[in-house]
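One-letter residues, chain by chain:
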Amino acid sequence: MMIWERLRSALASALTAPVFIIESDDWGPGSDEQAQALEALRQLLKGFKDQRGRRPVMTMSVILSVPDPQAIVEWGEYHAFFLDDPRYRSIVEALKAGEEEGVFALQLHGLAHFWPGNFMTAWHNDEAIKRWLIDDGWRTEKLPAWLQSRWMDAAVLPSRPLPPALIRQAVRDETVCFARCFGRAPKVAVPPTFVWDENVERAYAEAGIEVLITPGRRYPGRDQAGKLMAADRAYVNGQRLSSGLTALVRDLYFEPALGHRSEQVLGHVEGKWPRREPALLETHRFNFLNGKLASSLKALETLLEGALSHLPGLCFLSSYELATKMADLPQIPLHERVQVAWTRLRT
Ligand SMILES: [Zn+2]
């Protein structure tokens, strides 16, 4: 990390109580198995409370459409099914019920988990993508990683930025679709695979988004091999951006299906407190599907129990609440603030 980035991180907002948020991505149109997983997650989360009586919040970053295989094959052009289609009612109902109970917080992930033009070029040229569309057309997590990025023109790699007018229109379309599905506009956005640029940030802000989830870095595109290009800027928690958005940093990972053990993840969560930083844990729907639901629920339960017992005063919040409250946090005493800055500089 550059020296000035370390300094900015050292001086960023300091929490007065530990904060724990599970951030989950990729929920959207697809198999009804998701509704069952969401129902089980709601029940599990409702079994826990922090000392203020607040339940744990799992943010749900939602994809709003998936490709329509039949129409694409028939017409050779992009068509999609949207989340407000009656066939996905049980998924939408489960998401809304969890939000009403305060255990889910719905966030915008994207109208699709890719840029449709990129997808169609890949579909025309690649037999594996044609097979994916027929066999798994809603499981976007199975697409090549580079194709899962939305905010770039990847007709050829390395990718190029998308024209700002197309970005603005696409962001308007996805915020309108989100409101159609959930009866309210989105306030928090999570750019797919964390590839985005300044024009996306501005378009989000213009469309009413207030909070941007980042991994502490922005990746401007994909290189020749489809790998993430070098980050072109850094972010800290609570940072007010020139676009008007407030940034949060999600840099812990909880993917039990990939072998992340609760005890290990708990250690990372605890490591955030000496730095007076929130623990935002990234997870994905795939952990809770395909026969993995029971073991992942168990892992989440162990993690929540551990976090509550190891971190006195732990607070459950949504990412939106955290971002919008950070600027107004009570000041911690100066000597403690200096200690926190020193801890952040050293590690
Ligand atoms: Zn995603």
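Up top is the structure these notes are about.
Read on for a plain summary of the structure. Everything quoted here is computed from the prediction, not taken from an experiment.

Regarding its fold elements, the protein chain presents twelve helices and 14 strands. Since a compact globule built from 347 residues should have a radius of gyration of about 20 Å, the 20 Å found for the protein chain is in line with a globular shape. Considering only C-alpha atoms, the protein chain reaches an extent of 65 × 45 × 35 Å along its principal axes. With 347 residues in all, the protein chain has 44% of them scored as buried.

A word on helix α7 (residues 164-182). For α7, spanning 19 residues, the distance from its first C-alpha to its last is 27 Å, which sits close to the expected 27 Å at 1.5 Å a residue. Buried residues along α7 sit in contact with β4 (80-82), α4 (89-100), β5 (104-110) and α8 (198-206). Positive phi appears at Gly183, one or two residues downstream of α7, with a value of about 75 degrees.

Here we take up the pairing of strand β11 (residues 246-249). By the alternation rule, side chains of β11 split into Thr246 and Leu248 and Ala247 and Val249, which are all buried. Of the pairings in the sheet, the one linking strand β7 (residues 211-214) to β11 comprises four bridges and is parallel in character. Counted as the bridge partner of Ile213 is Leu248 from β11. When strand β10 (residues 239-240) meets β11, the two strands line up antiparallel, connected through two bridges. Within β11, the residue paired with Arg240 across the bridge is Thr246.

Here we come to the nonpolar core. The biggest cluster of nonpolar side chains holds 93 residues, and the ones touching the most others in it are Leu95 and Tyr204. A total of six residues in this core trace back to one element, the largest contributor, which is α7. When sequence neighbours within four positions are dropped, the list of residues in contact with Tyr204 reads Val171, Ala189, Ile209, Leu212 and Leu245.

Let us look at unusual backbone geometry. A cis amide bond, omega -5 degrees, links Leu157 with the succeeding residue Pro158. Structurally, Pro158 can be placed in the loop between α6 (127-136) and α7. The phi dihedral of Asp26 is positive, around 90 degrees, even though this residue is not glycine. Residue placement: Asp26 occurs in strand β1 (residues 19-27). Of note in this structure, Arg276 is not a glycine but carries a positive phi near 55 degrees.

Bringing the packing of helix α2 (residues 33-45) against α4 into the picture now. Here α2 crosses α4 at 15 degrees, and the two axes come no closer than 8 Å. Viewed along their axes, α2 and α4 adopt a mutual orientation that is roughly parallel. The handedness of the crossing between α2 and α4 is left-handed. Only Ser90, Ile91, Ala94, Leu95, Ala97 and Gly98 of α4 make contact with α2, whose side of the interface consists of Gln34, Ala35, Leu38, Glu39 and Arg42.

Criteria and thresholds
Residues numbered from 1 in each chain as written. Predicted model: local features only at pLDDT ≥ 70, side-chain atom pairs only at ≥ 80, totals over all residues. Helix = DSSP H or I, 4+ residues; strand = E, 2+ residues; numbered from the N terminus. Rg over C-alpha atoms; globule rule 2.2 N^0.38 Å. Buried ≥ 20, exposed ≤ 12 C-beta atoms within 10 Å, placed from the backbone. Expected span 1.5 Å × (residues − 1). Contact = placed C-beta atoms within 7 Å. Pairing = 2+ DSSP bridges. Core = buried A, V, L, I, M, F, W, Y, C linked by C-beta atoms within 7 Å. Axes fitted to C-alpha atoms, helices over the stretch in contact; angles between N-to-C directions. Parallel < 35°, antiparallel > 145°, perpendicular 65-115°, else oblique. Left-handed = near helix turned anticlockwise from the far one by under 90°.

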